[in-house]
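Coordinate inspection notes
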Number of protein chains: 2
Amino acid sequence: MAPTSAALPASGEREQLSLVDGLAQLSFAVHGVLESRAADLDLSVTQARLLGVLRDRLPTMNELARLLGLDKSSVTGLVDRAERRGLVARVPSTEDKRSVLVKLTDEGRDLVASAAGGFAAEVSALLEVLPASDREALAAIVSRLLVANAARRGLDLFPASGSRDQSTR
Amino acid sequence: MAPTSAALPASGEREQLSLVDGLAQLSFAVHGVLESRAADLDLSVTQARLLGVLRDRLPTMNELARLLGLDKSSVTGLVDRAERRGLVARVPSTEDKRSVLVKLTDEGRDLVASAAGGFAAEVSALLEVLPASDREALAAIVSRLLVANAARRGLDLFPASGSRDQSTR
DNA sequence: TATTGTTATACTCTATAACTATA
DNA sequence: TATAGTTATAGAGTATAACAATA
């Protein structure tokens, strides 16, 4: 189920990977790890993302839709299926009677911890072929890249640090 | 449609991104770029992958299934929809009358070139926030990482360089 | 009137199982 | 008998449009 080849980029003309092609292949590899670790727990990547988002948030359906980049009607079905499995629960909002909050159940929390652990272990294994100096340099550069782009788009890279939940108001 | 946050990893406790979390977020960012560039051309990521795989191959349905990591019945539908749009064509094999070869049409080739160009441009834009020295270091490290892991799994990172097509026999 | 969430509907993507035609 | 491909069927995931309840 894990896609092994990059497919779209890297038409394969050079003998050395370009940065764009390299990042594309790396991205597929990491995405494939996520896919297979989630599948081990009978989770799709989407369900895993849902649980991941809920780890440090108690969002409304609407906020969830924005966090996941989906239409609200898609989130209805997504949460339906997760709720049917006992991984999340809908909680009526007291502030606004139209709203519904979505929270992780204990079972959901266990499952997402498990998935995150497996994911981290397998990505770490991928990285073991690199010398420690490369890993340190890579961490620093990737961090700079993400921070700079997040800043450029006015996003919060560390949502749960300062104020508690509901970050995207 | 592009997922902005990493969601699963990065529970958000540190003030500095770990390498695993960073790679996860980077992977989501790159995947999101692929998604949105493909969507611009009314392609799903799956359709884009199909076209990408076909750029330098003339595989049978069966080979295509292995290349994409899908069941052959899934590939039937995938190719059906692409064929209906005029992006690929089925060609009966002369060697084995059971087999069907799948090839890119001219229109499909144009479209995938367009998609690849847009993808490269947008990923390059993401990278522009980095100093050139970081980009060079990143390219070198990512390349080492991919080559080492490919070698560890006995894979061919440069399929179309030596022998022509049908690499995964 | 505007917003929140759900429902109805439709399409893509995916898999399993059964089938047809060839080998 | 085994392999290549398709079909039938089922389910997840997604979106658009229409709706009910609440603001």
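Numbers given for residues are sequential positions, taken from 1 along each chain in its written order. Chains and ligands are labelled by the order in which they are written, letters from A for the one and numbers from 1 for the other. With pLDDT at 70 or above as the cut-off, local features in this predicted model cover only qualifying residues; side-chain atom pairs require 80 or more to be listed or tallied, and sums for whole chains, interfaces and linings still use all residues. Hydrogens and water are ignored here; the side-chain numbers use all heavy atoms of the structure.

**A word on the confidence of the model for chain A**
Caution is warranted with low-pLDDT regions, since their predicted coordinates should not be read in detail. Residues and elements named next belong to chain A. Summarising the model, chain A shows a mean pLDDT of 86, and 81% of its residues fall at 70 or more. Across residues 1–5, where pLDDT falls below 50, the model places 13 contacts with residues more than four positions away in sequence or in other chains. Confidence of the predictor in every single residue is expressed as pLDDT, which spans 0 to 100. Should any heavy atoms of two residues lie within 4.5 Å, those residues are counted as being in contact. Between residues 159–169, whose pLDDT stays under 50, and residues either more than four places distant or in other chains, the model counts 15 contacts.

**Here we look at the protein's contact with DNA strand D**
Any residue with at least one heavy atom within 4 Å of a molecule or strand is counted as near it. Contacts to DNA strand D come from 22 residues, most closely from S44 and R81 of chain A together with N62, K72 and R98 of chain B. Polar contacts, as counted here, are pairs of nitrogen or oxygen atoms within 3.5 Å of one another; within protein the pair requires one atom able to donate a hydrogen and one able to accept it, and residues that are adjacent in sequence qualify only if both atoms are side-chain atoms. The contact in question runs from a phosphate oxygen of DNA strand D to an N or O atom on the backbone of K97 of chain A, over 2.8 Å. By definition, any uninterrupted DSSP run of H or I lasting at least four residues is a helix, any uninterrupted run of E lasting at least two residues is a strand, and each is numbered from the N terminus. Going through the elements one at a time, α2 (45–54) and α4 (72–84) of chain A together with α3 (61–68) and α4 (72–84) of chain B are the ones with two or more residues in the surface near DNA strand D. No other element matches the four residues that α4 of chain A contributes to the surface near DNA strand D. Its residues assigned to classes, the surface near DNA strand D comprises four nonpolar, 10 polar and eight charged. Gly is put with the polar residues, along with every residue not named as nonpolar or charged; the nonpolar set is Ala, Val, Leu, Ile, Met, Phe, Trp, Tyr, Cys and Pro, and the charged set is Asp, Glu, Lys and Arg.

**Thoughts on the nonpolar core**
Ranked by internal contacts, the top residues of the largest apolar core, which has 43 residues, are F119, L127 and L138 of chain A together with F119, L127 and L138 of chain B. Excluding residues within four positions of it along the chain, L127 of chain B makes contact with L19, L23 and L145 of chain A together with R135 and L138 of chain B. Definition of nonpolar core: a set of buried residues of the types Ala, Val, Leu, Ile, Met, Phe, Trp, Tyr and Cys, connected through side-chain atoms within 4.5 Å. Remark: exposure states derive from per-residue accessible area (1.4 Å probe, protein chains only) relative to the maximum for the residue type, with buried under 20%, exposed over 50%, and partly exposed in between.

**What about the packing of helix α1 (residues 19–40) of chain A against helix α6 (residues 132–152) of chain B?**
Contact pair α1 of chain A / α6 of chain B: the axes reach a minimum separation of 9 Å and the direction vectors enclose 45°. By the angle class used here, α1 of chain A and α6 of chain B are oblique. Here α1 of chain A runs over α6 of chain B; the crossing is left-handed. Taking contact as the criterion, the partners of L19, G22, L23, Q25 and L26 of chain A in α1 of chain A are, on α6 of chain B, R135, L138, A139, V142, L145 and L146 of chain B. Tallied by class, the residues present in the contact of α1 of chain A with α6 of chain B amount to eight nonpolar, two polar and one charged. Axis angles are defined between N-to-C directions and span 0 to 180 degrees, where every axis is a line fitted to C-alpha atoms and, for a helix, only to the segment in contact. For classification purposes, an angle smaller than 35 degrees is called roughly parallel, one larger than 145 roughly antiparallel, one from 65 to 115 roughly perpendicular, and anything else oblique. Should the near helix be turned counterclockwise from the far one by less than a right angle, the crossing is left-handed, whereas a clockwise turn marks it as right-handed.

**A look at the protein's contact with DNA strand C**
For DNA strand C, the set of nearby residues contains 22 residues, the closest of which are N62 and R98 of chain A together with S44, S73 and R81 of chain B. When the atoms of DNA strand C within 4 Å of the protein are sorted by group, sugar and phosphate make up 63%. Side-chain polar atom of R98 of chain A to a base oxygen of DNA strand C: 2.7 Å apart, as the coordinates give it. No other element matches α4 of chain B, which puts four residues into the surface near DNA strand C. Tallied by class, residues from the surface near DNA strand C come to four nonpolar, 10 polar and eight charged.

**Some details on the pattern of salt bridges**
All names here are of chain A. Salt bridge, as applied in this entry: a Lys or Arg side-chain nitrogen positioned within 4 Å of an Asp or Glu carboxyl oxygen. Counted under the stated rule, the structure contains 14 salt bridges over all chains. Here D40 ties to R37 by a salt bridge, and the two come within 2.4 Å at their closest N and O atoms. Taken together, the residues D40 and R37, both in helix α1 and three residues apart, mark about one turn of the helix. Accessibility expressed as a relative area gives 53% for D40, which makes it exposed.

**Points about helix α3 (residues 61–68) of chain A**
Residue and element names in this part refer to chain A. Where burial is concerned, most of α3 is hidden: six out of the eight residues are buried. Residues of α3 that are buried: M61, E63, L64, A65, L67 and L68. Contacts from the buried residues of α3 go to α2, α4, β1 (88–92) and β2 (100–104). G69, located one to two residues past α3, shows a positive phi value of around 70°.

**Topic: the side chain of H31 of chain A**
Residue placement: H31 of chain A occurs in helix α1. Relative accessible area serves as the criterion here: at 12%, H31 of chain A is assigned to the buried category. Setting aside its immediate chain neighbours within four residues, H31 of chain A contacts V45 of chain A together with S27 and H31 of chain B.

**A few points about the packing of helix α6 (residues 132–152) of chain A against helix α5 (residues 106–127) of chain B**
It is the contact of α6 of chain A with α5 of chain B, at a shortest axis distance of 9 Å, that shows an interaxial angle of 100°. As judged from the angle between their axes, α6 of chain A and α5 of chain B are roughly perpendicular. Of α5 of chain B, the residues touching α6 of chain A (which contributes L145, N149 and R152 of chain A) are A125, L126 and L127 of chain B. Its residues assigned to classes, the contact of α6 of chain A with α5 of chain B comprises four nonpolar, one polar and one charged.

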